[in-house]
Every structure is written in structure tokens, then in C-alpha cells.
Amino acid sequence: MALRVPQANGPQLFKEGYKNLQGLEEVIFRNIQATKEMSELTRTSFGPNGRNKMVVNHLEKLFVTNDAATIIRELEVVHPAAKLIVMASQQQESEAGDGTNYVVIFASELLQRAESLLRMGLHPSEIARGYELSLKAALKALEGLAVAQVSGWGGDENKGDSELLKAITTAIASKQYGQEAVLGALVVEAVAASMPARDPSRFNVDNVRVVKVLGGSLSQSRVEHGMVFPRSPETAVTSVRFGKVAVFACPVDMGQTETKGTVLLHSASEMLDYTKGEEAQMARVVTELHEAGVAAVICGAGVGDLAIHYFNRRGMLALKVPSKFELRRLCRVVGANPLARLGVPTPEEMGYCDEIRTTEIGGDRVTIVRQWTTEEIANAGEAAADRPAFADRIQRSPLVTVVLRGATQNALDDAERAVDDGVNVVKALTKDARL
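Now for a description of the structure that goes with this document. (Residues numbered from 1 in each chain as written. Predicted model: local features only at pLDDT ≥ 70, side-chain atom pairs only at ≥ 80, totals over all residues. Heavy atoms only, no water.)

## Quick notes on the packing of helix α9 (residues 276-291) against helix α10 (residues 305-314)
Taken N-terminus to C-terminus, the directions of α9 and α10 make an angle of 40 degrees; their axes are 10 Å apart at the nearest point. Between α9 and α10, the angle is such that the two are oblique. Crossing geometry of α9 relative to α10 is assigned as right-handed. Counted together, Glu 278, Glu 279, Met 282, Ala 283, Val 286, Thr 287, Leu 289 and His 290 of α9 and Leu 306, Ala 307, Tyr 310, Phe 311 and Arg 314 of α10 form the full contact between these two elements. The residue makeup of the contact of α9 with α10, split by class, is eight nonpolar, two polar and three charged. (Axes fitted to C-alpha atoms, helices over the stretch in contact; angles between N-to-C directions. Helix = DSSP H or I, 4+ residues; strand = E, 2+ residues; numbered from the N terminus. Parallel < 35°, antiparallel > 145°, perpendicular 65-115°, else oblique. Left-handed = near helix turned anticlockwise from the far one by under 90°. Contact = heavy atoms within 4.5 Å. Nonpolar A, V, L, I, M, F, W, Y, C, P; charged D, E, K, R; others polar.)

Below, the structure is given as C-alpha cells:
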């Protein structure tokens, strides 16, 4: 309002096509109308009985959801005033994980209430000052409205689970109404397994992963302690127990030259000798890994056919993890450092895993990388006798995976958002446990 923009007949300071808008009618009322239209898009998706929206983004991907954060993110809003509300809802998503629709509706309603005051003649700064005073009064009133306090963080069937379930049920029901009991139990189990015992405020939402497997129903979902990858190992060996793990961020394959070259072969013997150097080098690398005690190799890029051949000969497992974020999480689980070079890792760079196994979920083969819990080690008896003594000294992350089942991809995506909201509510409760 205070900015003085030169008119068209003055010196040319801006690009062609700029607009000069000023005054109540041209600026403020137009902005309020834009925010009103923005809230009307998401208002009908609010609450447990909110309706789903079908959104097709610029990549022609279809989203069927009532999650306001997803709807707003895919709409690509361009109006400056509406963009401010979008930024506010995105900040709410990153801070609390839920409540994005409420932010859009509440902000739009405040602006609509201010419109009548503006028409009465009040200045915008006076209305903003009034809202600031009401904010202080609302925060003061909230202090006396606490009805309960969460004192347990799961793991206790009598108290902790029920208190946590009561807190997260409302957040999950707004996304998956009718399935809040199933998803709530999964979130409570996952949170109880990954919650730090000494300091709950250090709870990391990244320790709860979600893997979606098509088929079956939501009631067949379960929690796995460790990481679940929706793929099978590259080698014939599909299971390892109590083994050292080497993690590579580079391809486990022979390096390729940057320029193309032509090789002229005159005889069959020359053809046989051509690849012997590569074979000998790969055989040496795999042999050194095997002699160092490595039982499983995890790589973030491709695994060559030659490497797979030598891994099979040595009885080693090789798993490919294409995502660098998943590779980072896996390093936290096994306590390893990802190597950018192909070679034998030092004892400090090497990781350890109690169990790597391949199983089948609904016709899809998945690989589970997990560490045994204290109860499992105690109940294993003689099976745990082969567990090395240094295994307990490795610092590992209490990472768990929620395996979701569903008939369609859209249903799985919506269930994943509900689980994420439930986990974020727990994170917010670790900072302030009042309800």
C-alpha cells in the first residue's frame, strides 16, 4: 500500500505488461476474494467426513485424496495472496505434520471477517493489531483448556498404548475414517519400537518408514523391525544371519572408459584374453571381501553380471538399493559407512546385521534387513550362540517399517498419509504432551 509505483507515462522501470493496483477495491478485496476461493477448494475435504478430490498435476498423474497438503501442492497456485496461505499451510505440514486444511480455512475466514471491518472504514493496520491482541488472548486461554496428558509412549499394553492411541486416533480418522483402529495400532507399535528410552523428545519421525505392497486388505498390514525393500537380492543367496555388511555408494562393477574405443581381435585366443584382466580384478575384490568376513554387500548403484557370478561362487548376498535416502537409512540400521570406492572396508566402515532374509508378501518378493530385539535374542536360545560378541557394541538406529496392504495404489497412498500424520502427532506430543 505504501509503495509508490510510477505510471505508464513515466520512465520505464519494469517489464512490459506490469500492473499497478492500489486502493481497497483493487488490492485488498481482490486478495480476500482469492483466499476465499482457495479455502472453498479444500473446505469440503475437512474432517473425517470430508470428500475426496481428484487432482491431475502437470505430469498427468492422478491423485484421489482429501489431504489438503497434497491438493495444494499439486494445484500450483500463482496468485500472490493465495500463495501466502499455501506457504503457511506448508509450514504447518513441516512443523506439525497435520492441520494444513485448518490453516487454509482459518486464515481465509479471518480475512473474510476483516472485509466487513474494512468496508466500515477501519484501517488494515488496526485490524492486524486487533488480531495480534486476540492471538495473545487465545494462547492465554489455551493454557487452561488441557483435558489430558500423555504420559506413556507405547510398549505398555495397559497404559502407554491406550493413551497414545487416544491421541492419534483423531488425526488418522480424518484421513481414513473407519480404519483408525487398524492404522492406529500399527502406528503405536511402530512408535513404541523406535522411541528413545531415555529422552522421548529425541524421537525421529524418519525412523518410521512405510512400504506399500499391492494386494490384500488394510487389515493384513503389519510392522517389521528393520527395513523392508520391495525387491529380491541380485544373487542366488537370499538369506544371511549374523553377518558383516559392506555398503557401497558406487556400482559393484568394472569401470567404463569415458571415450569410445575400437578393439581389433585377430584370433579366438585374443578374445579369451581380452576379458581376463577384468575377471581377475573382480575376482580379487570379491575374494578380499569374503576373506574380511563380509557376508552381504549392499550397493546404491548397479551390480554387474561378473560381480554376481563371483558373489554366488563365494556364497555372498548382494542387494541393490537405488535410492540414496534409503541407503542412508540402511547405514543407520547396520552401523556402516557408505563407501565411494570398490574395495575392502575397514572394521570401522563395516556394518553388522543379525538377519537379512527374503520373503513373499502378496505375491511380491521383499527383502527384510533387521536387527534382533533383546527379547528375540533371549528367546532364541542356542540359535543366538553364533551371534558375535561385538554385535551389541555397534550403535544402531531403532528403525521400523510399516508394511501397508491395499487393493489400489491410491488407497495405499492415502493410508501412507494417514500413518505419516499419526507419527507426526506423536512427534508433536513429545514436545508438549497435553491434549
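## Remarks on empty space enclosed by the protein
Over the atoms, a rolling probe the size of a water molecule traces out where space has been left empty. Taken as a whole and judged by the stated rule, the model has one cavity of 30 Å³ or more. One number sums up the size of the largest cavity: a volume of about 30 Å³. As for the largest cavity, its lining consists of Leu 62, Phe 63, Val 64, Thr 65, Asn 410, Asp 413, Asp 414 and Arg 417. Contributions of two or more residues to the lining of the largest cavity are made by β2 (62-65) and α13 (409-431). Here the lining of the largest cavity is composed, by residue class, of three nonpolar, two polar and three charged. (1 Å grid on protein atoms, 1.4 Å probe; cavity = no way out; pocket = protein on both sides within 12 Å on 5 of 7 lines; lining within 4 Å. Points joined across faces, edges and corners; volume = space filled by probe spheres on them.)

## A look at the pattern of salt bridges
Scanning all chains against the criterion turns up 24 salt bridges. When the shortest N-O distance is used, the salt bridge between Glu 355 and Arg 357 registers 3.1 Å. On the basis of relative accessible area, Glu 355 is assigned to the buried category, the value being 11%. With a closest N to O distance of 3.0 Å, Asp 432 and Arg 434 form a salt bridge. With relative accessibility at 36%, the residue Asp 432 sits in the partly exposed group. Through salt bridges with shared partners, a single network forms among Asp 206, Arg 209, Glu 326, Arg 329 and Arg 332. (Salt bridge = Lys/Arg side-chain N within 4 Å of Asp/Glu carboxyl O. Buried < 20%, exposed > 50% of the residue type's maximum accessible area, 1.4 Å probe, protein only.)

## Some points on the nonpolar core
Core analysis: the biggest nonpolar cluster contains 31 residues, and Leu 183, Val 402, Leu 404 and Val 426 have the highest contact counts within it. Counting only elements with at least two residues in this core, the list comes to α6 (160-173), α7 (180-194), β3 (208-214), β11 (400-406) and α13. In contact with Leu 404, other than residues within four places in its own chain, are Leu 183, Leu 186, Val 210, Val 211, Lys 212, Val 213, Leu 218, Ser 221, Leu 412, Ala 415, Glu 416 and Val 419. (Core = buried A, V, L, I, M, F, W, Y, C linked by side-chain atoms within 4.5 Å.)

## With respect to the packing of aromatic side chains
Within this structure, the stated rule accounts for one aromatic pair. Consider the rings of Tyr 102 and Phe 106, whose centres lie 5.5 Å apart with planes at 5 degrees: the pair is stacked. One end of the pair, Tyr 102, and the other, Phe 106, are both in helix α4 (residues 100-120), four residues apart, so they sit about a helical turn from each other. Using a relative accessible area of 47% as the deciding quantity, one classes Tyr 102 as partly exposed. Of the residues examined, Phe 106 reaches a relative accessible area of 42% and is grouped as partly exposed. Taking the ring centre of Phe 29 as reference, the NZ or CZ of Arg 119 above it sits at 4.1 Å. The positively charged end of Arg 209 is found above the aromatic ring belonging to Phe 229, 5.9 Å away from the centroid. (Phe/Tyr/Trp six-rings, centres within 6.5 Å; stacked < 30°, edge-to-face > 60°. Lys NZ or Arg CZ within 6 Å of the ring centre and 35° of its normal.)

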